[in-house]
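For reference, the chains in residue letters:
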Amino acid sequence: MDRTAYVRVEQVKPLGDLMQQIAEHKGCGTSGGSGKASCGSSDGPEDMAPEVWEKVKNHPCYSEEAHHHYARMHVAVAPACNIQCNYCNRKYDCANESRPGVVSEKLTPEQAAKKVLAVASTIPQMTVLGIAGPGDALANPQKTFKTFELIAKTAPDIKLCLSTNGLALPDYVDEIAACNVDHVTITVNMVDPEVGQHIYPWIYYKKKRYTGIEAAKILTERQMQGLEMLTARGILTKINSVMIPGINDKHLVEVNKAVKSRGAFLHNIMPLISAPEHGTVFGLNGQRGPTAQELKGLQDACEGEMNMMRHCRQCRADAVGLLGEDRSAEFTTEKIETMDVVYDAESRKAYQELVERERQATVMAKKEEQEHLAKLADAEGISVLVAVATKGHGKVNEHFGHASEFQIYEVNAKGSKFVGHRRVDLYCQGGYGEEDALATVIRAINDCHAVFVAKIGGCPKEDLTRAGIDPVDRYAHQPIEQSAIAYFMEYVGKVRSGEIQHQVRGDASIRQGAVLAPTA
Ligand code: CLF
Ligand code: SF4
């Protein structure tokens, strides 16, 4: 079996026999090759207009629930930028690092179109193509729009997505609409130039360089104008904001109000990623990023009528795969040259219909459990956090030792909610448990009451229990949210019977974003 076929069978396992049949007859086309609402809505069309649901239902960034099932890819066709952010240095490149601005190869539009077909053939649940750098998509308008034009012709079922700092946005809104780009992200870190001057040293606008307050004033005016223009055309707009403690952390509540009033669909507040080795201004001057708890506190404070995105993985500008995984190394230009790409829209559709069935089953399972929860009526104000090891499909399906991140769910009498993720070092390395890694895992999830895993060894189980975190493997391969609600009900039962005492657990001290998200 060639590696591509193997990968496909692994992917389809959770979807049962029918999917396996599709995989085995290579329905998705590639052979050969050598390599590897809350946000939007989780509950379907009833809580939003049908036309909006059509746009978000299989976009992994615009729908939290969709991100368990659908993948996105970025093509790095936009190297130049028209502003400078103090958290960005695109000269730094590392194949193993996942953060925005980082790419292994820059592509021409033609190379990008070829790559999209190769990925679409191999990963049938890849539904969205985004241009998110490594510079700014609209500072490279010819390359960006040429890429969209080529993809719209060859792979019309793929949604087009674009990320920008917004400086050039008002000039291109008509072209964006003409290309049927339904999703645009603007990175808005301030609406007050006094704040902005500490984030942006300069901008380049109308063939002139501006600095300080003047630069930030132009930038914020252009961003807000662009957002209003997109809203007027019915294009869904997500706002990304980088949380920079001591600079814009308190101000982001104002940003949230400003973008909400101008029709933004979703707000994604991301932690600053800042390390001296990245060579950024913030990295070099010791500016810290927020802790997990500081980030969650700000996201909670902004959550009102506007959806907050909490599942962003701050992807590379050439990321490929489900959010949280990066398969870009499987699709280098060199590897694509040797792949026999056959793009089969019908097989992709068939696969996605099966994904949709599995997704609906997960949603139904959550609803059923939620009905039981309703009977619990009063849970004495109890709220628990659970960390989940998962490799997708909305299931508890990853071994503790193989988890490179944990998804965090908050459960209380109202139901369960995805509230974030924590990246960790792998515990299992070369077949052995790594004690140092275990300490970092425990620190990363030390505000959680339980950790759900598909499997876990005796040693980590003991250490987790000692740290007050309940290691739970009885929900292996079960839907996450259904399991989280079931666990919560059991927990409340034990508290009521006096078997255990409810603990309000301490804050996770882990610095979020150890490995930052400028654009996307
Ligand atoms: Fe890419 Fe961005 Fe489109 Fe998504 S990413 S251009 S909206 S397809 Fe998504 Fe990645 Fe976060 Fe961006 S997880 S960094 S929000
Ligand atoms: Fe440009 Fe994005 Fe880097 Fe800022 S983060 S300098 S907008 S590429």
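Described in the following lines is the structure provided in the data block. Since the structure is predicted, the reported quantities are computational estimates derived from the model, not experimental observations. (Residues numbered from 1 in each chain as written. Chains lettered and ligands numbered in written order. Predicted model: local features only at pLDDT ≥ 70, side-chain atom pairs only at ≥ 80, totals over all residues. Heavy atoms only, no water.)

Concerning the overall build of the protein chain
Regarding its fold elements, the protein chain presents 16 helices and 20 strands. Buried positions account for 59% of the 520 residues belonging to the protein chain. Accessible surface, the protein chain as shown: approximately 20600 Å² in total, 51% of it carbon and sulfur. (Helix = DSSP H or I, 4+ residues; strand = E, 2+ residues; numbered from the N terminus. Buried < 20%, exposed > 50% of the residue type's maximum accessible area, 1.4 Å probe, protein only. Areas by Shrake-Rupley, 256 points an atom, 1.4 Å probe, with all protein chains shown as cover.)

Let's talk about the packing of aromatic side chains
All chains considered together, the criterion is met by nine aromatic pairs. Where Y62 meets F265, the ring centres are 6.1 Å apart and the plane angle is 20°; that geometry is what we call stacked. Pair noted here: Y62 is in the loop between α3 (50-56) and β2 (71-74) and F265 is in the loop between α9 (252-261) and β10 (266-271), with a separation of 203 residues, a long-range link. With a relative accessible area of 14%, F265 lands in the buried category. Relative to F406, the ring of F400 lies with its centre 5.9 Å away and its plane at 40°, an arrangement referred to as tilted. Taking the relative accessible area as the measure of exposure, F400 reaches 2% and is therefore buried. Residue F406 is classed as buried on the basis of its relative accessible area, which comes to 0%. Grouped by ring-pair contacts, the aromatic residues F452, Y475, Y487 and Y491 constitute a single cluster. Over the ring of W202 we find R209; its NZ or CZ atom is 4.2 Å from the centre of that ring. (Phe/Tyr/Trp six-rings, centres within 6.5 Å; stacked < 30°, edge-to-face > 60°. Lys NZ or Arg CZ within 6 Å of the ring centre and 35° of its normal.)

A few points about the packing of helix α14 (residues 435-444) against helix α15 (residues 458-466)
The contact between α14 and α15 brings their axes to 11 Å, and the two run at 40°. In the packing of α14 onto α15, the handedness of the crossing is right-handed. Contacts between α14 and α15 pair E435, L438 and I442 from the former with P460, D463 and L464 from the latter. Here the residues of the contact of α14 with α15 are counted per class, giving four nonpolar, no polar and two charged. (Axes fitted to C-alpha atoms, helices over the stretch in contact; angles between N-to-C directions. Left-handed = near helix turned anticlockwise from the far one by under 90°. Contact = heavy atoms within 4.5 Å. Nonpolar A, V, L, I, M, F, W, Y, C, P; charged D, E, K, R; others polar.)

Digging into the packing of helix α13 (residues 345-375) against helix α16 (residues 480-497)
Direction vectors running N to C along α13 and α16 enclose 20°, while the axes themselves pass 8 Å from each other. Comparing their axes, α16 and α13 come out roughly parallel. As α13 runs across α16, the sense of the crossing is left-handed. For the pair α13 and α16, the contacting residues are A365, K366, E369, Q370, H372 and L373 in the first and E481, Q482, I485, A486, F488 and M489 in the second. When its residues are assigned to classes, the contact of α13 with α16 shows six nonpolar, three polar and three charged. (Parallel < 35°, antiparallel > 145°, perpendicular 65-115°, else oblique.)

A short note on the pattern of salt bridges
Within the structure shown, the criterion is met by 28 salt bridges. Two residues, R466 and D463, come together in a salt bridge whose shortest N-O distance is 2.4 Å. One end of the pair is R466 and the other is D463, both in helix α15 and three residues apart, which spans about a single turn. On the basis of relative accessible area, R466 is assigned to the exposed category, the value being 65%. (Salt bridge = Lys/Arg side-chain N within 4 Å of Asp/Glu carboxyl O.)

Some points on the site of ligand 1
Among the 16 residues in the neighbourhood of ligand 1, the closest are listed as C61, H74, C161, C312 and C315. Across the shell around ligand 1, the residue classes tally to eight nonpolar, five polar and three charged. (Near = heavy atom within 4 Å.)

Re the sheet that holds strand β20 (residues 470-472)
Here we have five strands laid out as an open sheet, ordered β16-β15-β14-β19-β20, and mixed in their pairing. Unpaired on one side and paired on the other, β16 (415-423) and β20 mark the two borders of the sheet. Across the sheet, the axes of successive neighbouring strands diverge by a mean angle of 25°, strand direction being ignored. Strand contacts of α16: β14 (383-388), β15 (405-412), β16, β19 (450-452) and β20, with the helix running at about 50° to β15, the strand carrying the most contacts. (Pairing = 2+ DSSP bridges.)

Description of the nonpolar core
Counting residues in hydrophobic clusters, the biggest one holds 58 residues, and the most contacted among them are V75, M126, L129, F148 and I176. Sorting elements by how many residues they give to this core places helix α4 (residues 109-122) first, with seven residues. In terms of nonpolar packing, the next biggest core, distinct from the first, is built from 33 residues, Y210, M270, L272 and M309 among them. (Core = buried A, V, L, I, M, F, W, Y, C linked by side-chain atoms within 4.5 Å.)

Notes on α14
Within α14, the full set of buried residues consists of A437, L438, V441, I442 and A444. Take α14 and look down its axis: the buried residues cluster within an arc of 160°, on one side only. (Arc of directions from axis to C-beta.)

A closer look at unusual backbone geometry
With an omega of 15°, the peptide bond running from G133 to P134 counts as cis. Within the secondary structure, P134 sits in the loop between β4 (126-131) and α5 (141-154). The phi angle at H393 is positive, at roughly 65°, despite the residue not being glycine. By the secondary structure assignment, H393 is in the loop between β14 and β15.

Notes on the pairing of strand β9 (residues 236-243)
The buried fraction of β9 is high, at eight of eight residues. Sheet analysis places strand β6 (residues 183-187) next to β9, joined by five bridges and oriented parallel. If you follow H183 over to β9, its bridge partner there is L236. Judged from the six bridges that link them, β9 and β10 form a sheet pairing that is parallel. Note on β10: the bridge partner recorded for S241 is I269. Each parallel crossover has a hand, and the one from β9 via α9 to β10 is right-handed. (Right-handed = clockwise from strand over helix to strand, strands pointing away.)

Quick look at the sheet that holds strand β11 (residues 307-309)
Across a sheet, strands are paired by hydrogen bonds formed along the backbone, either parallel or antiparallel in direction. Across the sheet, which stays open at both edges, the eight strands sit in the order β11-β10-β9-β6-β5-β4-β2-β12 with mixed pairing between neighbours. Every interior strand has two partners, whereas the edge strands, β11 and β12 (320-321), have only one. The pairing of strand β5 (residues 159-164) with β6 spans four bridges and is parallel. Within β6, the residue paired with C161 across the bridge is H183.

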